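What follows is each chain in one-letter form.
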Amino acid sequence: MFRERIKQAYKNLTPSFKRLAEFILNRELDVAFMTATELARALDIDAATVVRFSQALGYRGYRELSREIQQTVKEDLMASYSGFEQAKNDSARLRALLENERHNLEIAIAQAGERAAEVVELLAKAQRVWVVGEASARHLADFFAAQLRMANLKVTAINADPAEAARLLWDLGSGDLVVGLGIPGTGIDTAAVLELAKERGAKTASVSVSAVSPPAQVADHVLVCPSNSPVGVPSVASLMTMPVSYTHLTLPTIYSV
């Protein structure tokens, strides 16, 4: 599968190939409907680079890679959506929803690589960590902060109100890390707080359900947590899994720093 091929080859890819790999993994649904020319245009690279990237992964060309992406996206969507629609009772619907979350986590696992390791290292080395969220993401910020405090990190969750954030973050510096959470329908104020943090020299990261959410577009380091769901509300399960995983990873990292 293309996700595994990208994961295995990622360390040895050229910078332009890494950009392609990250774009494909973060926006699989969009890429499934893109030609090589459209994909190249989105990344401001040559179409020949897209073809060479595909060949570097072991495909004959981009067309073969594209067909596999399309098939994978189709299977993922059909597995979660049809299972829910065909469920005859609440128990079956619950199983279908859990199966959907399993698919989301599988995608998150496939995407976890150097970027995830970078964020773990940033968390371990930060003097202070600030987690920012707005609307329902504010509660996720509290959860994120609580989990990371279990790893003995100095973490504070704050609301993404630019004026309030400016007061709370007045003494930000290069030793601080500000993490913005991105969920559908929100993120503009969170992005503004991340911009403020960057202006004051702090490091920034975003854990988001989309690579194109406002916080993800601003942050220096971005981790995407898939949010596909057969119901009208996007899933945040994989996003909530991240802080738990980071806590487990960061504990041994902190004590070895």
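Not measured: the values here are computed from a predicted model.

Considering the overall build of the chain
Within the chain, the secondary structure is distributed over 13 helices and five strands. Taken over 257 residues, the chain has a buried fraction of 47%. Residue pairs at least 24 apart in sequence account for 69% of intrachain contacts in the chain once pairs closer than 6 positions are excluded. Carbon and sulfur atoms provide 55% of the accessible area of the chain, an area that totals close to 12,600 Å².

Considering the packing of aromatic side chains
The final tally for this structure, using the stated rule, is one aromatic pair. Consider the rings of F17 and F53, whose centres lie 5.6 Å apart with planes at 75°: the pair is edge-to-face. Of this pair, F17 sits in helix α2 (residues 15-26) while F53 sits in helix α5 (residues 47-56), and the two are 36 residues apart along the sequence. Directly above the aromatic system of Y59 lies the positively charged group of R5, at a separation of 4.1 Å from the ring centroid.

Looking at the confidence of the model for the chain
Across the chain, the average pLDDT comes to 84, with 89% of residues at or above 70. Ranking the helices and strands of the chain by mean pLDDT puts α5 first, with 96, and helix α13 (residues 237-256) last, with 66.

Looking at the pairing of strand β2 (residues 155-159)
Direction of pairing for strand β1 (residues 128-133) relative to β2: parallel, over a ladder of five bridges. The residue bridging V131 from the neighbouring strand is A157, located in β2. Handedness of the β1-helix α9 (residues 137-149)-β2 crossover: right-handed.

With respect to the packing of α2 against α5
One can describe the packing of α2 onto α5 by two numbers: an axis separation of 10 Å at closest approach and a directional angle of 80°. Considering their axes alone, α2 and α5 lie roughly perpendicular with respect to each other. Note on element contacts: α5 touches α2 through T49, V50, R52, F53 and A56, opposite S16, F17, L20, A21 and I24. Looking at the contact of α2 with α5, its residues break down into seven nonpolar, two polar and one charged.

A short note on the pattern of salt bridges
Counted according to the given criterion, the structure contains nine salt bridges. Each member of the salt-bridge network shares a partner with another, and the members are R128, D171 and D176.

Notes on the environment of T35
Within the secondary structure, T35 is located in the loop between α3 (28-31) and α4 (36-43). For the pair T35 and V50, spaced 15 residues apart in the sequence, the C-alpha separation amounts to 9.8 Å.

As for the nonpolar core
V129, V131, L177, L181 and V207 are the most contacted members of the largest nonpolar core, which has 29 residues in total. Among the elements of the structure, α8 (114-125), β1, α9, β2, β3 (176-182), β4 (203-208) and α13 are those that each provide at least two residues to this core. Ranked by the residues each element gives to this core, the list is headed by α9, at six residues. Ignoring any residue separated from it by four or fewer positions in sequence, one finds V129 in contact with L123, K154, V155, T156, L177 and V179. With 25 residues, the next largest nonpolar core counts L13, A40, F53 and I69 among its residues.

A short note on the sheet that holds β1
Taken together, the five strands give an open sheet; going across it, the order is β2-β1-β3-β4-β5, and neighbouring strands pair in parallel fashion. With one partner strand each, in any of the chains shown, β2 and β5 (221-224) form the two edges of the open sheet. Averaged over all adjacent pairs, the angle separating strand axes in this sheet is 20°, with direction ignored. Pairing geometry for β4 and β5, over four bridges, is parallel. Along β5, the bridge assignment pairs V207 with L223.

Conventions and cut-offs
Residues numbered from 1 in each chain as written. Predicted model: local features only at pLDDT ≥ 70, side-chain atom pairs only at ≥ 80, totals over all residues. Heavy atoms only, no water. Helix = DSSP H or I, 4+ residues; strand = E, 2+ residues; numbered from the N terminus. Buried < 20%, exposed > 50% of the residue type's maximum accessible area, 1.4 Å probe, protein only. Contact = heavy atoms within 4.5 Å. Areas by Shrake-Rupley, 256 points an atom, 1.4 Å probe, with all protein chains shown as cover. Phe/Tyr/Trp six-rings, centres within 6.5 Å; stacked < 30°, edge-to-face > 60°. Lys NZ or Arg CZ within 6 Å of the ring centre and 35° of its normal. pLDDT = per-residue confidence, 0-100. Pairing = 2+ DSSP bridges. Right-handed = clockwise from strand over helix to strand, strands pointing away. Axes fitted to C-alpha atoms, helices over the stretch in contact; angles between N-to-C directions. Parallel < 35°, antiparallel > 145°, perpendicular 65-115°, else oblique. Nonpolar A, V, L, I, M, F, W, Y, C, P; charged D, E, K, R; others polar. Salt bridge = Lys/Arg side-chain N within 4 Å of Asp/Glu carboxyl O. Core = buried A, V, L, I, M, F, W, Y, C linked by side-chain atoms within 4.5 Å.

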